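Commentary on secondary and tertiary structure
What follows is the residue order along each chain.
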Amino acid sequence: MGTGYLDQLKQEAFEVNMGIVRERLVVLTWGNASSFDRTKGIFAIKPSGVSYSLLKWQDMVLVDLDGNVIDSKLRPSSDTLTHLEIYKGFSSVGGIVHTHSPWATIWAQACKSIPILGTTHSDHFNGDVPCIPYLVKDKVENAYEKETGIQIVKFFEEKKLKPIHMPGCLLSGHASFTWSETSSQAFENAIALESCASMAYHSISLNSKIKFPKYILDKHFSRKHGVNSYYGQK
Ligand SMILES: [Zn+2]
């Protein structure tokens, strides 16, 4: 594994970390993104507490799936173990974005899933974006970040949700995580989530009895995702 390769992984993670700031999904340092190479078992993630204005791609921290930091003086994001557990639990995921973007966080703080109300949401998320319950006290006190990741994976298993069909979630009282096969797609999902969260809030305030038909959801999701997709250029 050459240095060039690891530099590329760092650059990928850096681009997404800067992207979430540029798209106003992050204020201060309330967010982090990572990029994973499953064949090497290594991901690159933002360093902890470094201001985005000072961030360089060389600062991205490489971590393996045992949580070992590879060749860096900087400590990785405090949320690293959440990313790690998601990579371990979701075998199709290659990029993760965590932000406290305001609209998604409003739903998370209200402990409510974002309901599926229209086709914009359907293009990215195949149903309500779930809000996962608060972690219990013991888990928060002992291994908060690791338990957060474990709880996300367990929730998806229990609800039989496919991470690629539902590429994100809310955490009660906290904020959102999105993911995808690549970090740039996870970034897109973070933008989509924030936009859908805002639209859902406003749509419900106009009509609290919306019943968006499942056949329209199915049509929109499947034309962009899966074997029969036909959206975009061949
Ligand atoms: Zn957070």
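Here's a quick rundown of the structure. As the structure is a prediction and not an experimental result, all values here were calculated from the model.

**Regarding the sheet that holds strand E5 (residues 95-99)**
Ordered in space as E4-E3-E2-E1-E5-E8-E7-E6, the 8 strands form an open sheet in which the pairing is mixed. A single partner strand is all that each edge strand has here, and the edge strands are strand E4 (69-70) and strand E6 (131-132). Pairing of strand E1 (residues 31-37) with strand E2 (residues 42-45), which is carried by 4 bridges, proceeds in the antiparallel orientation. Across the sheet, Ser35 pairs through a bridge with Ala44, a residue of E2. Along the sheet, helix H6 (residues 183-206) contacts E1, E5, strand E7 (168-171) and strand E8 (176-180); its crossing angle with E8, the most-contacted strand, is approximately 140 degrees.

**Observations regarding the side chain of Asn189**
With respect to the helices and strands, Asn189 occurs in helix H6. On the basis of relative accessible area, Asn189 is assigned to the buried category, the value being 8%.

**Observations regarding a nonpolar patch on the surface**
A cluster of nonpolar side chains, namely Val27, Leu28 and Trp30, defines an oily patch on the protein surface of about 330 Å² accessible area. Relative to the elements of secondary structure, Leu28 occurs in the loop between helix H1 (3-22) and E1.

**So, the packing of helix H3 (residues 102-109) against H6**
Contact geometry for H3 and H6: axes closest at 7 Å, N-to-C directions at 60 degrees. On the basis of their axis angle, the class for H3 and H6 is oblique. Seen along the crossing, H3 lies across H6 with a hand that is left-handed. Residue-level contacts link Pro102, Trp103, Ala104 and Trp107 of H3 to Leu193, Glu194, Ala197, Ser198, Ala200, Tyr201, His202 and Ile204 of H6. For the contact of H3 with H6, the per-class residue count stands at 9 nonpolar, 2 polar and 1 charged.

Conventions we followed
- Residues numbered from 1 in each chain as written.
- Predicted model: local features only at pLDDT ≥ 70, side-chain atom pairs only at ≥ 80, totals over all residues.
- Heavy atoms only, no water.
- Pairing = 2+ DSSP bridges.
- Helix = DSSP H or I, 4+ residues; strand = E, 2+ residues; numbered from the N terminus.
- Contact = heavy atoms within 4.5 Å.
- Axes fitted to C-alpha atoms, helices over the stretch in contact; angles between N-to-C directions.
- Buried < 20%, exposed > 50% of the residue type's maximum accessible area, 1.4 Å probe, protein only.
- Patch = residues over 30% accessible without salt bridge, like charges linked within 9 Å, V, L, I, M, F, W, Y side chains within 5 Å.
- Areas by Shrake-Rupley, 256 points an atom, 1.4 Å probe, with all protein chains shown as cover.
- Salt bridge = Lys/Arg side-chain N within 4 Å of Asp/Glu carboxyl O.
- Parallel < 35°, antiparallel > 145°, perpendicular 65-115°, else oblique.
- Left-handed = near helix turned anticlockwise from the far one by under 90°.
- Nonpolar A, V, L, I, M, F, W, Y, C, P; charged D, E, K, R; others polar.

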